[in-house]
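# Topology and contacts: notes
As a plain string of letters, each chain reads:
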Amino acid sequence: MKKLKSLLGLGLVLTTCLCLFGCGSRTKNADTSKKEGTFNIVSSFYPMHILAMNLTNKIEGVKETSMSEPNIGCIHDHTFSTDDLKKVEGADVYIENGLGLEAFNDKIKKAYPDTAIVEVAKNITGEDLNPHVWTNIDYYISQVKYASKQLQRLNQENKNSYAANEKSYVAKLEQLKTDNGNTIKSVEGKKVLVLDEALPNFCKFLKMNVIEIETDHEEEALSADDLKKAIKTMNDEKVKTIFIAKDSDRSTAEAIAAETGATIYELNTCMVGTKNSKADAYITEMKENFKIIATIN
């Protein structure tokens, strides 16, 4: 059952109705680096892969791979398979977002109890926290720092290299915020309807007032009744901006826009990439988002 909820408190974002599972973190107490061979890091899905690529950049003897294909979308929707489990085999560290997105976490723990699991969103807290935290640049920086701290602890022989990569990447992310400061400020306090579960945290970063249609995670289309409610709320509150994910189904957004005169903006969730994606993919995708945000009246 879908439900329309309107929130006008500054920066307050409703989370989507995901079924969130408790997610623990298992780590090793001692340095897990091997005297000989490769230190293997496996990341759960695309956003974590990009994060890990930056932290492991040019570190000799460290190999990072992604468990899943870069185009799967949200890992919460992924059907965990025996092939996925095999990809984690031999990993010294498994890096995940956490906050319930990797609902198959316990299967990895059971199969590979000696593999350290690093939940990079572990220190990000908040009431009804939307788990797609990487779309908020401040949260993402926190994830990068936490992952780096854990890798330094677990692979101490490369501690300085992880620290240097962390410093370099965080500096680029902070510069991204600085370079787009005027754009960020230009939308602060503006009202926006969000039709994708991965974008509320981005809006929170922008300090926008969010109207979010809260849906069952498995459902895609709004009922006729809920569509009418959404349109009424948009008109009553004079909301003229709609955010959807890039390359997603536009039908619901277009139906609402036709009745409200709102403009649809397609944003990158930084959740889907290609096998050739580079380490700077997150920054590149966020730059594209800021170019779009800059066009909002």
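Everything in this summary refers to the structure shown in the same document.

Parameters and conventions
Residue indices begin from 1 for each chain and proceed along its sequence in written order. Side-chain atom pairs in this predicted model are given and counted only at pLDDT of 80 or more, local residue features only at pLDDT of at least 70, and totals for whole chains, interfaces and linings cover all residues. As a rule here, side-chain values cover all heavy atoms of the structure and leave hydrogens and water aside. When DSSP locates at least two bridges between a pair of strands, those strands are taken to pair. Only DSSP runs of H or I reaching four residues or more are called helices, and only runs of E reaching two or more are called strands; each is numbered from the N terminus. Here the axes come from fitting lines to C-alpha atoms, over the contacting stretch only for helices, and the angles between their N-to-C directions go from 0 to 180 degrees. To qualify as a nonpolar core, a set must consist of buried Ala, Val, Leu, Ile, Met, Phe, Trp, Tyr and Cys residues joined through side-chain atoms within 4.5 Å. A 1.4 Å probe rolled over the protein chains alone gives each residue an accessible area, and that area as a share of the maximum for its type sets the label: buried under 20%, exposed over 50%, partly exposed in between. What makes two residues a contact is simply this: any of their non-hydrogen atoms within 4.5 Å. The rule is simple: put a 1 Å grid over the protein atoms alone, call a set of points where a 1.4 Å probe fits but cannot get out a cavity, call an open set with protein on both sides within 12 Å along at least five of seven lines a pocket, and count a residue as lining if it has an atom within 4 Å of a point. Grid points are joined across faces, edges and corners, and a volume is the space filled by probe spheres set on the points. Note on residue classes: Ala, Val, Leu, Ile, Met, Phe, Trp, Tyr, Cys and Pro are nonpolar, Asp, Glu, Lys and Arg are charged, and everything else, Gly too, is polar.

### Side note on the sheet that holds strand β3 (residues 62-66)
- Ordered in space as β3-β2-β4-β5, the four strands form an open sheet in which the pairing is parallel. Either end of the sheet is taken by a strand with one partner, and the two such strands are β3 and β5 (116-119). Across this sheet, the average inter-strand angle for adjacent strands is 20 degrees, counted without regard to direction.
- Both strand β2 (residues 39-43) and β3 contribute to a ladder of five bridges, which runs parallel. Each bridged residue has a counterpart across the sheet, and for Ser-43 the counterpart in β3 is Ser-66.

### Some words on the nonpolar core
- Counting residues in hydrophobic clusters, the biggest one holds 68 residues, and the most contacted among them are Val-93, Ile-95, Tyr-140, Leu-206, Phe-243, Tyr-282 and Phe-290.
- With eight residues, the single largest contributor to this core is helix α4 (residues 137-154).
- Each residue touching Leu-206, except ones within four places of it in the same chain, is listed here: Ile-184, Val-187, Glu-188, Phe-290 and Ile-293.
- Grouped together as the second largest cluster of nonpolar side chains are 14 residues, Leu-222, Val-239, Ile-244 and Ala-257 included.

### Structural notes on the environment of Asp-92
- Mapped onto the elements, Asp-92 comes out in the loop between α2 (82-88) and β4 (93-96).
- In this structure, the C-alpha to C-alpha distance between Asp-92 and Asn-155, residues 63 residues apart in sequence, is 9.1 Å.

### Some details on unusual backbone geometry
- Even without being a glycine, Leu-99 presents a positive backbone phi close to 60 degrees.
- Among the structural elements, Leu-99 can be located in the loop between β4 and α3 (105-111).
- Here Cys-270, not a glycine, exhibits a phi torsion of approximately 55 degrees, which is positive.
- Counting through the fold element by element, Cys-270 comes out in the loop between β9 (263-267) and α10 (281-293).
- Given a relative accessible area of 2%, Cys-270 falls into the buried group.

### Observations concerning empty space enclosed by the protein
- Under the defined criterion, the tally for this structure stands at one cavity of 30 Å³ or more.
- Looking at the largest cavity, its volume works out to about 30 Å³.
- Along the walls of the largest cavity sit Tyr-46, Pro-47, Ile-50, Trp-134, Tyr-140, Cys-270, Tyr-282 and Glu-285, which together make up its complete lining.
- Among the secondary structure elements, those contributing two or more residues to the lining of the largest cavity are α1 (46-55) and α10.
- For the lining of the largest cavity, the leading source of residues is α1, giving three residues.
- Per-class residue counts for the lining of the largest cavity are seven nonpolar, no polar and one charged.

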